[in-house]
Amino acid sequence: LLGTDLVYTTSRIDFDTDGKLERIDNDKDEAPAKLRIFEKVCAEYGVDPEQTLCVGDSGNDVDMFKKSKKAILLGQYEKLKPHAWKQVSSLSEISELL
């Protein structure tokens, strides 16, 4: 959809042989893992976190939003709004911002 070359997740996502989602397992508090991944990718590519674009939709994205100057809020989560550069209602809208 977005044509990205790199994707990380803090969840284990299982699909059946037909590609149907079976389950998603994750820690209750994903915020520390998300921030670690964000900082790891920035360090690996030598990119200042303020020069990145990140997307989030809930409270576990706040720390990552604070590090990025181009944070995109997906949805209406009020606590992320003060830290968001832009707000969208669907992932398809993000490509228009790139």
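Parameters and conventions
- Residues numbered from 1 in each chain as written.
- Predicted model: local features only at pLDDT ≥ 70, side-chain atom pairs only at ≥ 80, totals over all residues.
- Heavy atoms only, no water.
- Pairing = 2+ DSSP bridges.
- Helix = DSSP H or I, 4+ residues; strand = E, 2+ residues; numbered from the N terminus.
- Axes fitted to C-alpha atoms, helices over the stretch in contact; angles between N-to-C directions.
- Buried < 20%, exposed > 50% of the residue type's maximum accessible area, 1.4 Å probe, protein only.
- Contact = heavy atoms within 4.5 Å.

A. The sheet that holds strand S5 (residues 86-88), seen in detail. Within the open sheet, the three strands sit side by side as S3-S4-S5. Their pairing is parallel. At either margin of the open sheet sits one strand with a lone partner, and together these are strand S3 (53-56) and S5. Sheet twist, expressed as the average angle between the axes of neighbouring strands with direction ignored, equals 25°. Where S3 meets strand S4 (residues 70-74), four bridges bridge the pair, whose relative direction is parallel. Considered in S4, the bridge of Leu53 is made with Lys70.

B. Molecular detail of the environment of Phe65. Summarising the element assignment, Phe65 is placed in helix H2 (residues 62-67). Phe65 sits in the buried class, given a relative accessible area of 1%. Separated by 22 residues in sequence, Phe65 and Gln87 have C-alpha atoms that sit 12 Å apart. In this structure, Phe65 is in contact with Cys54, Val55, Gly56, Ala71, Ile72, Leu73, Leu80, His83 and Ala84, ignoring residues within four places of it in sequence.

C. Spotlight on the pairing of strand S2 (residues 21-25). The pairing of strand S1 (residues 12-15) with S2 spans four bridges and is classified as antiparallel. Bridge pairing in S2 places Arg12 opposite Asp25. Counting the residues in the hairpin turn of S1 and S2 gives five residues, including Gly19, whose phi is positive at 85°.

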